[in-house]
Amino acid sequence: MTTFKAFNRISETIWEIPSSYKKGMRVPARIYATENLLQAMDDGVVEQVTNVATLPGIVHHALCMPDGHWGYGFPIGGVAAMDTRTGVISPGGIGFDVNCGMRLMLTSLTFEEVQPRLRELVDQLFKRVPAGVGGSGFVKLTHSTFRDVVEQGARWCVKNGMGWEEDLERTEEGGCIAGADASKVSQKAVERGFGQIGTLGSGNHYLEIQVVHPENIFDEKRAEAFGITLPRQVVVMFHCGSRGFGHQVASDYLASFLKVMEKKYGIAILDRELACTPFLSPEGQDYFKAMKCAINMSFANRQVIAHRIREVFSEVFKKDPADLGMHQVYDVSHNTAKLEKHQVKGELRELLVHRKGATRALGPGASELPEVYKDTGQPVILGGSMETGSYILSGVKEGDQTFFSTAHGSGRSMSRQQAKKKFRGKKLLADMEQRGIYIRAASLSGVAEEAGGAYKNIDDVVEATEKAHISRKVARMTPIGNVKG
Amino acid sequence: MPYKYLEEIAMADAAFEAWGATAEEMFVAAAEALMNVMVADLETIHQTAKLPIRLQSEDMEMLLYEFLQELIFYKDARQLLLRVHHLQVETQKGIARLEGELYGETLNPQKHDLVVDVKAVTFHRYRVEQTEKGWEATVVADV
């Protein structure tokens with residue numbers, strides 16, 4: 001990044017761009033990053049985070065997390081809280097993949113127990129959790145039942161035998177955000193999504209079997225509270241979203257917002273991907289209700305996948321999933337807009353918090369947290385590239401500076417086209433197998449695009465979030481098996 | 001191949017430029033470029049299904065947008081990988097219209113080298129323009 005010298009350095013990891021930087025900025029913008037991460041960020045981040053700062057009703061600062069990179073409208077890693085009366089809602093602040101998120105599940109198995117069965121496990125998971133372009137799942141629904149699913153989220157799955165009651169309390173919003181209204185969703189969105197429950201999708205979506213090595217536990221107390229108690233314990237992490245359903249909801253409303261934004265509401269924006277309407281307008285409220293359906297579709301999607309993972313482990317190890325300790329640690333989104341209460345200059349206000357490629361990270365004591373995490377803070381799941389590793393973090397009290405938001409992953413440092421030229425899928429798979437990571441991939445070309453070398457170093461991202469006091473390290477996970485979309 | 005992928009526009013996604021001497025040629029090129037993000041070899045898509053397509057929009061820019069979104073829709077909703085058989089594009093009295101036929105087949109990972117799903121066509125740097133040489137478009141697809 002060429003422009004960073006002009007920024008005000010607020011602390012080692014906070015860089016402020018004053019509102020004088022660009023005409024129309026209503027608040028300053030802040031980028032959270034170490035100097036190294038900031039220098040490596042593309043200029044698009046500055047351009048986009050300062051565009052976000054021009055949106056009506058934005059409160060405090062337009063923010064970008066340490067894994068930030070170019071997105072559409074908002075940068076990936078963007079966070080913006082809007083006043084509910086004067087502010088806007090923008091699909092570009094949420095992303096096309098609404099409620100794309102992470103889920104982490106435990107096992108009571110160790111690496112030594114899993115390693116001999118690893119190929120079988122990954123092969124079975126590859127069969128039972130469809131991955132790849134246009135993939136359809138095994139849950140057969142009618143359009144009308146699908147509309148129930150998107151209003152009820154993961155709760156629908158648990159009610160229908162796919163999951164445990166405790167999964168819900170360990171999912172953001174209890175796995176079902178209130179106020180979803182399927183009548184606000186187009187028939188096209190339903191047709192795109194109704195066959196896709198229980199599927200991973202493609203691109204950077206994956207399901208991974210991981211090991212927590214003892215030297216990678218940084219906070220024993222919290223690791224224990226999160227259920228990581230055994231040496232070389234095996235866990236399962238996966239990353240996916242609302243599939244074609246969410247993508248269509250976002251596309252439908254983005255196009256319709258462009259038609260009314262300026263003509264009806266007089267809102268001028270700097271980038272069409274920042275299309276928005278007043279939050280309280282009929283269009284804004286319709287989108288909010290439809291987007292909540294996509295949030296719920298995604299919770300349901302991950303709930304079905306969690307159920308399949310339990311089935312596969314149970315079949316391979318010939319034990320009940322409960323006896324294999326397959327509890328869910330947490331399920332958390334990194335693409336949403338939600339109504340939340342936050343302190344702003346000593347005043348408790350209800351705000352619409354957009355997070356795009358940013359994870360909610362509530363500190364200890366937050367009322368939204370289940371009893372089991374009240375003392376520790378919310379588990380935050382950060383997915384790394386398929387080669388390098390992932391993290392579990394926890395939210396911290398000082399997180400109020402970012403509306404309790406932190407990073408979501410490692411973030412790309414190389415384009416897909418570059419990665420395809422540099423890496424070969426087949427060789428990558430062979431190299432990784434040599435290093436003890438067994439992968440089943442829906443596409444060899446897709447694997448090349450997702451090579452570890454195409455991503456930022458996740459350790460640097462995590463370090464920046466800790467230094468900035470927006471989350472703290474609990475443990476690092478190392479991949480041993482991966483189902484790749 | 002009247003399209004090329006652009007590296008500098010979209011780090012995490014797929015951007016392309018498509019062109020043609022006529023609007024129809026440019027629409028076909030953009031459709032091929034979009035499908036080529038998802039399928040490595042377009043020649044592996046055989047003609048086992050045919051599908052009529054008819055769209056209208058306020059201008060050429062939105063017409064291309066909706067046309068590409070249709071291809072994404074059919075990929076998810078009907079599992080169909082589609083190419084253009086023929087199409088006609090025209091603007092009359094301030095309305096842009098497209099009519100034609102698509103062909104293709106059900107996606108099959110054993111047969112088609114499927115790379116990555118396109119989630120949506122974005123408006124990021126999106127542009128459709130008539131030039132001296134014909135028509136051109138820049139499209140960034142979210143993957």
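Everything here concerns the structure above.
A few points about the sheet that holds strand S4 (residues 80–92) of chain B
Residues and elements named next belong to chain B.
Phase 1: On the basis of which strands lie adjacent, the open sheet formed by three strands has the order S3-S5-S4 and antiparallel pairing. Each edge of the open sheet carries a strand with a single partner, namely strand S3 (49–57) and S4. Sheet twist, expressed as the mean angle between neighbouring strand axes with direction ignored, is 15°.
Phase 2: Bridge count between S4 and strand S5 (residues 95–106): twelve bridges; the pairing is antiparallel. For Glu-90, the partnering residue across the bridge sits in S5 and is Arg-97.

A closer look at the sheet that holds strand S1 (residues 8–11) of chain A
Residues and elements named next belong to chain A.
Phase 1: Taken in spatial order, the seven strands line up as S1-S2-S3-S4-S5-S13-S12 in an open sheet, and their pairing is mixed. Both outer strands of the open sheet, S1 and strand S12 (335–344), are each paired with one neighbouring strand and no more. Adjacent strand axes in the sheet meet at a mean angle of 25° when their direction is disregarded.
Phase 2: As defined by bridge partners, strand S5 (residues 76–83) adjoins strand S13 (residues 347–356) across six bridges and the pair is classed as antiparallel. Among the inter-strand pairings, Asp-83 is bridged to a residue of S13, identified as Leu-351.

Some remarks on the packing of aromatic side chains
Residue and element names in this part refer to chain A.
Phase 1: Per the stated rule, a full pass over the model turns up 17 aromatic pairs over all chains.
Phase 2: Ring plane angle 80° and centroid distance 5.5 Å describe the contact between Phe-257 and Tyr-287, whose orientation is recorded as edge-to-face. Of the two residues, Phe-257 sits in helix H10 (residues 243–265) while Tyr-287 sits in helix H11 (residues 282–317), which places them 30 residues apart along the sequence.
Phase 3: Given the relative accessible area of 0%, Phe-257 is considered buried.
Phase 4: Here Tyr-287 falls in the buried class, since its relative accessible area comes to 0%.

Points about the packing of helix H5 (residues 143–152) of chain A against H11(A)
All names here are of chain A.
Phase 1: The interhelical angle for the contact between H5 and H11, taken along N-to-C directions, is 95°, at an axis separation of 6 Å. Here H5 lies roughly perpendicular to H11, going by the angle between them. For the pair H5 and H11, contact is made by Phe-146, Val-149, Val-150, Glu-151 and Gln-152 and by Lys-292, Cys-293, Asn-296, Met-297 and Ala-300, respectively.
Phase 2: Residue classes in the contact of H5 with H11 are distributed as six nonpolar, two polar and two charged.

A few points about the environment of A:Arg30
Residue and element names in this part refer to chain A.
Phase 1: Of note, Arg-30 is situated in strand S3 (residues 29–32).
Phase 2: Of the residues examined, Arg-30 reaches a relative accessible area of 16% and is grouped as buried.
Phase 3: Once the C-alpha coordinates of Arg-30 and Phe-404 are considered, the two residues, 374 residues apart in sequence, prove to be 15 Å apart.
Phase 4: Filtering out sequence-adjacent residues up to four positions away, Arg-30 remains in contact with Ile-10, Ile-14, Trp-15, Glu-16, His-61, Ala-62, Leu-63 and Cys-64.

A few points about the interface of chain A and chain B
Phase 1: Contact with chain A, which involves 45 residues of that partner, is made by 40 residues of chain B.
Phase 2: Carbon and sulfur atoms make up 53% of the area that chain A and chain B hide from each other, which totals about 3,500 Å².
Phase 3: Viewed at the interface, chain B and chain A are joined by seven salt bridges.
Phase 4: A salt bridge links B:Lys119 to A:Asp97, with the nearest nitrogen and oxygen atoms 3.7 Å apart.
Phase 5: If you look at where chain A meets chain B, you find 16 residue pairs in polar contact (both at pLDDT 80 or more).
Phase 6: Those elements giving two or more residues to the side of chain A that touches chain B turn out to be helix H8 (187–193), H10, helix H12 (416–422) and helix H14 (444–449) of chain A.
Phase 7: Among the elements that take part in the side of chain A that touches chain B, H10(A) stands out by supplying nine residues, more than any other.
Phase 8: Residue classes in the side of chain A that touches chain B are distributed as nine nonpolar, 22 polar and 14 charged.

Focus: empty space enclosed by the protein
Phase 1: All told, the structure shown has three cavities of 30 Å³ or more when counted by the stated rule.
Phase 2: Space inside the largest cavity adds up to approximately 600 Å³.
Phase 3: Lining the largest cavity are 40 residues, and of these A:Ile76, A:Asn204, A:His239, A:His408 and B:Lys119 lie nearest its centre.
Phase 4: Residues belonging to the lining of the largest cavity are distributed by class as follows: 14 nonpolar, 16 polar and ten charged.
Phase 5: Put simply, the second largest cavity is a space of about 60 Å³.

So, the pattern of salt bridges
Phase 1: The tally for this structure, following the rule as stated, stands at 49 salt bridges over all chains.
Phase 2: Residue B:Arg54 is joined to B:Glu99 by a salt bridge in which the shortest nitrogen-to-oxygen separation is 3.1 Å. Note that B:Arg54 is positioned in strand S3 and B:Glu99 in strand S5, a separation of 45 residues in sequence.
Phase 3: With relative accessibility at 44%, the residue B:Glu99 sits in the partly exposed group.
Phase 4: In this structure, a network of salt bridges that share partners links the residues A:Arg192, A:Arg243, B:Lys75, B:Asp76 and B:Asp117.

Some remarks on the layout of surface pockets
Phase 1: By volume, the largest pocket is sized at about 460 Å³.
Phase 2: Along the wall of the largest pocket there are 17 residues; nearest its centre are A:Phe126, A:Pro130, A:Ala131, A:Ala442 and B:Pro109.
Phase 3: Of the residues that constitute the lining of the largest pocket, the class distribution is ten nonpolar, five polar and two charged.
Phase 4: Space inside the second largest pocket adds up to approximately 390 Å³.
Phase 5: A:Lys341, A:His342, A:Leu362, A:Glu368 and A:Phe404 are the residues nearest the centre of the second largest pocket, which is lined by 19 residues in total.
Phase 6: Top element by residues in the lining of the second largest pocket is S12(A). It accounts for six residues.
Phase 7: For the lining of the second largest pocket, the class distribution of residues is six nonpolar, five polar and eight charged.

About the thresholds
Residues numbered from 1 in each chain as written. Chains lettered and ligands numbered in written order. Predicted model: local features only at pLDDT ≥ 70, side-chain atom pairs only at ≥ 80, totals over all residues. Heavy atoms only, no water. Pairing = 2+ DSSP bridges. Helix = DSSP H or I, 4+ residues; strand = E, 2+ residues; numbered from the N terminus. Axes fitted to C-alpha atoms, helices over the stretch in contact; angles between N-to-C directions. Phe/Tyr/Trp six-rings, centres within 6.5 Å; stacked < 30°, edge-to-face > 60°. Buried < 20%, exposed > 50% of the residue type's maximum accessible area, 1.4 Å probe, protein only. Parallel < 35°, antiparallel > 145°, perpendicular 65-115°, else oblique. Contact = heavy atoms within 4.5 Å. Nonpolar A, V, L, I, M, F, W, Y, C, P; charged D, E, K, R; others polar. Buried area = accessible area lost by both parts, 1.4 Å probe. Salt bridge = Lys/Arg side-chain N within 4 Å of Asp/Glu carboxyl O. Polar contact = N/O pair within 3.5 Å; in protein donor to acceptor, adjacent residues only side chain to side chain. 1 Å grid on protein atoms, 1.4 Å probe; cavity = no way out; pocket = protein on both sides within 12 Å on 5 of 7 lines; lining within 4 Å. Points joined across faces, edges and corners; volume = space filled by probe spheres on them.

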